[in-house]
Amino acid sequence: MTEDHDLDVVIVGAGFAGMYMLHKARGLGLSARCIEAGGDVGGTWYWNRYPGARCDVESMQYSYEFSDELQQEWDWSERYATQPEILSYAQHVADRFDLRDDIQFDTRVESATFDDTTGQWTVRTDHGDELTARYVVMATGCLSSTNLPDIPGRDSFEGASYHTGRWPHEGVDFTGLRVGVIGTGSSAIQSIPLIGQEAAELHVFQRTPSYSVPAHNRPLDPDERERIKADYAAFRDVNRLTPTAIGGRRPSIERSALEVSEEERRAEYEARWADGGLTYLGAFTDLLIDPAANATAADFIREQIEAIVEDPEVAKRLMPDTVVGCKRMCVDTGYYATFNRPNVHLVDLRETPIEEITPGGIRTSDTHRELDAIVFATGFDAMTGALLRIDIKGRDGQTLQDAWEAGPRTYLGLGIAGFPNLFVITGPGSPSVLTNMLVSIQHHVEWIADCIAHMRERGLHRIEATLDAQDQWVDYVNMVADFTLFPSCNSWYLGANVPGKARVFMPLLGFPPYVERCTEVAEKGYEGFALQA
Ligand code: FAD
Ligand code: NAP
């Protein structure tokens with residue numbers, strides 16, 4: 001490599017993706033610097049400190065596998081680890097691999113500009129730093145750019161307001177307060193049961209009801225933990241071969257929900273409900289393909305809601321009528337039962353929409369509710385938000401904002417035509433948010449590291465996705481999505497939660513065939529990418 005730049009690689013973000021990328025880059029002998037807006041490592045787990053925050057992919061799976069020593073020495077305490085435990089795991093990884101020396105915290109990357117003549121990137125931060133590097137790796141996170149809806153009067157509220165994705169480090173005590181939670185996605189579903197226990201009154205402002213399956217969280221059985229650790233690689237291998245890279249407790253059976261008897265189908269849903277967790281949707285192969293099959297899984301959940309929630313009117317309002325799995329499934333601990341508490345009230349925004357936030361509370365079309373605190377559990381500008389908040393200029397001064405005006409376009413979710421030597425980890429066009437993200441992250445980091453090593457060995461200095469390969473890839477991703485029921489609802493996968501955002505299904509369904517394709521691309525000398533000396 002030529003040495004006319006400060007660094008070989010700048011990595012933006014120090015969540016699980018950025019941390020591992022830094023470790024891998026160092027392993028290749030590259031000079032690398034990671035820039036992180038937060039005050040420590042952990043990304044998602046640094047920012048999302050709301051009550052009840054925990055993973056919903058089981059901890060034995062939601063962890064790095066790149067170091068056997070690491071996975072052997074770390075003991076998860078619960079089936080689904082809490083946010084503090086996951087954050088301390090991230091901190092342990094940073095200490096163990098001595099990562100912090102090369103991470104600049106409390107610093108936001110504001111722009112990245114490619115210079116065609118020198119073939120290098122210039123990265124500028126809000127602290128006035130200017131770094132030049134051969135490669136830039138965006139490890140900025142798919143769910144890191146918060147979505148704070150522009151509700152009239154939002155900033156006039158005189159009580160305390162919080163976004164789940166920017167929760168105060170010192171925590172919040174809701175005891176005795178009148179609290180409003182806006183949103184009923186995963187963050188809301190995890191926090192509402194705990195806020196409901198603390199608050200004097202809790203009003204839940206629901207626009208679209210969510211499907212949620214119980215977590216049945218519990219301390220991890222030491223025998224189970226040791227059994228997995230005894231052959232961790234085999235456990236990971238099996239899980240990686242599922243479409244979501246998430247292993248279940250019941251075997252996946254290749255059959256349609258409609259080809260079994262009603263009793264058999266019910267028994268399968270009951271068993272999965274009793275097991276808990278996201279693999280409920282793995283019961284049959286066509287649940288996300290055939291509306292009639294999907295309806296059987298949705299009906300079962302609606303029946304559970306009816307059985308749990310005592311007031312039939314409230315139960316009815318909590319029942320989603322969309323395709324189950326179209327919006328991401330939620331995993332909860334006591335969510336539906338929380339509505340049996342006398343201090344918890346459901347406000348159905350489909351009947352009585354929010355008109356404004358006032359200095360004293362929230363006004364819906366029927367009434368005004370006095371509040372001391374508002375929690376915005378309103379999600380993220382997913383997959384593209386963090387990238388588009390950076391002023392990224394590629395070849396010929398083209399901005400990413402322009403290139404992605406009609407929605408994100410990538411090749412393999414890793415590279416972007418017009419943006420040489422820029423890699424994205426778990427970018428749109430890759431399985432990413434439809435998987436156990438730790439698995440997807442590791443796959444991408446290793447692919448990028450192998451690619452840089454390949455180039456270095458051959459004296460190549462520039463790589464860029466070709467427009468042709470990118471166009472074909474985007475068509476393929478859309479074709480796969482159109483084959484499923486995913487485009488049928490207003491999900492954040494489609495960008496539908498952010499007003500004005502292009503409506504494009506961003507992730508790619510199916511982890512194993514995607515991995516095969518990435519391997520094939522690499523084996524064919526990075527087919528679909530143009531490489532230059
Ligand atoms: P992040 O963890 O989001 O890290 C990105 C980092 O980049 C952030 O720290 C951010 O501050 C930084 N950054 C962004 N832009 C800039 C910039 N311009 N300059 C400097 N720094 C920047 N996935 C699962 O698979 N299983 C789960 O159980 C699960 N639970 C989740 C729970 C919550 C509450 C949320 C929000 C997400 C969850 N996810 C889960 C998805 C989760 O985001 C990923 O699993 C994973 O943590 C992502 O890691 P990352 O490093 O790619 O991104
Ligand atoms: P989300 O799923 O996007 O949910 C946001 C909620 O806010 C939705 O109910 C949405 O309603 C509502 N909302 C948004 N704007 C609104 C407005 N203007 N008025 C009223 N309601 C509004 O966000 P999230 O709950 O933070 O979760 C995002 C993703 O992060 C999850 O899908 C998951 O991938 C991950 N996550 C995982 C866990 C976990 O269990 N481990 C926990 C949290 C997050 P609509 O549906 O009508 O848009």
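For clarity, every value in this text was computed on a predicted model and none was experimentally measured.

> Please clarify how the site of ligand 2 should be interpreted in this entry.
In the vicinity of ligand 2 lie 23 residues, with Arg54, Ser187, Thr208, Lys327 and Arg328 positioned nearest. One of the backbone N or O atoms of Arg54 is found 2.8 Å from a nitrogen atom in ligand 2. In the model, an oxygen atom of ligand 2 is placed 2.6 Å from a nitrogen or oxygen of the Ser187 side chain. Relative to its unbound accessible surface of 910 Å², ligand 2 loses 87% to contact with the protein. Looking at the shell around ligand 2 element by element, the count peaks at three residues for helix 5 (residues 186–198).

> Got a minute to help me understand the site of ligand 1 in this structure?
What surrounds ligand 1 is a group of 33 residues, the closest being Glu36, Thr44, Asp56, Tyr62 and Met437. Within the side chain of Trp47, an N or O atom sits 3.1 Å from an oxygen atom of ligand 1. Burial of ligand 1 by the surrounding chains reaches 95%, relative to a free accessible area of 990 Å². Of all elements in the fold, only helix 1 (16–27), helix 2 (44–47) and helix 14 (437–457) reach the threshold of two or more residues within the shell around ligand 1. When the residues that make up the shell around ligand 1 are grouped by side-chain class, the tally is 18 nonpolar, 12 polar and three charged.

> Just to check I follow, could you spell out the pattern of salt bridges for this structure?
It is possible for side chains of opposite charge to pair when their charged atoms get near one another. Under the counting rule described, the total for this entry stands at 37 salt bridges. Between Arg249 and Glu224 there is a salt bridge whose closest N-O contact spans 2.8 Å. Separated by 25 residues along the polypeptide, Arg249 in the loop between helix 7 (232–240) and helix 8 (262–275) and Glu224 in helix 6 (residues 222–230) bring together distant segments of the chain. Assessed through its relative accessible area of 34%, Arg249 is described here as partly exposed. Under the relative-accessibility criterion, Glu224 is labelled buried at 11%. Note that Arg266 and Glu303 form a salt bridge whose closest N and O atoms lie 2.8 Å from each other.

> Explain the pairing of strand 12 (residues 344–348) here, please?
Along a regular strand, successive side chains alternate from one face of the sheet to the other. Across the five residues of strand 12, four count as buried, placing the element largely inside the fold. Here five bridges tie strand 9 (residues 201–206) to strand 12, and the two strands are oriented parallel to one another. For Phe205, the partnering residue across the bridge sits in strand 12 and is Val347.

> Can you help me understand the state of the cysteines in this one?
Chemically, a disulfide is nothing more than a covalent bond linking the sulfur atoms of two cysteines. Per the counting criterion, the structure on display carries one disulfide. Two residues share a disulfide in this structure: Cys326 and Cys489, whose sulfurs sit 2.2 Å from each other. Between Cys326 and Cys489, the S-S dihedral sits near -105 degrees, and the bridge is therefore left-handed. With Cys326 in the loop between helix 10 (312–318) and strand 11 (330–332) and Cys489 in the loop between helix 15 (467–482) and helix 16 (511–523), this residue pair connects regions lying 163 residues apart in the sequence. Free of any disulfide, Cys34 has its nearest neighbouring cysteine sulfur in Cys142, separated by 16 Å. The class for Cys34 is buried, based on a relative accessible area of 0%. Considering cysteine sulfurs only, Cys489 is the nearest to Cys330, which forms no disulfide, with 12 Å between them.

Calculation criteria
- Residues numbered from 1 in each chain as written.
- Chains lettered and ligands numbered in written order.
- Predicted model: local features only at pLDDT ≥ 70, side-chain atom pairs only at ≥ 80, totals over all residues.
- Heavy atoms only, no water.
- Near = heavy atom within 4 Å.
- Polar contact = N/O pair within 3.5 Å; in protein donor to acceptor, adjacent residues only side chain to side chain.
- Areas by Shrake-Rupley, 256 points an atom, 1.4 Å probe, with all protein chains shown as cover.
- Helix = DSSP H or I, 4+ residues; strand = E, 2+ residues; numbered from the N terminus.
- Nonpolar A, V, L, I, M, F, W, Y, C, P; charged D, E, K, R; others polar.
- Salt bridge = Lys/Arg side-chain N within 4 Å of Asp/Glu carboxyl O.
- Buried < 20%, exposed > 50% of the residue type's maximum accessible area, 1.4 Å probe, protein only.
- Pairing = 2+ DSSP bridges.
- Disulfide = S-S within 2.5 Å.

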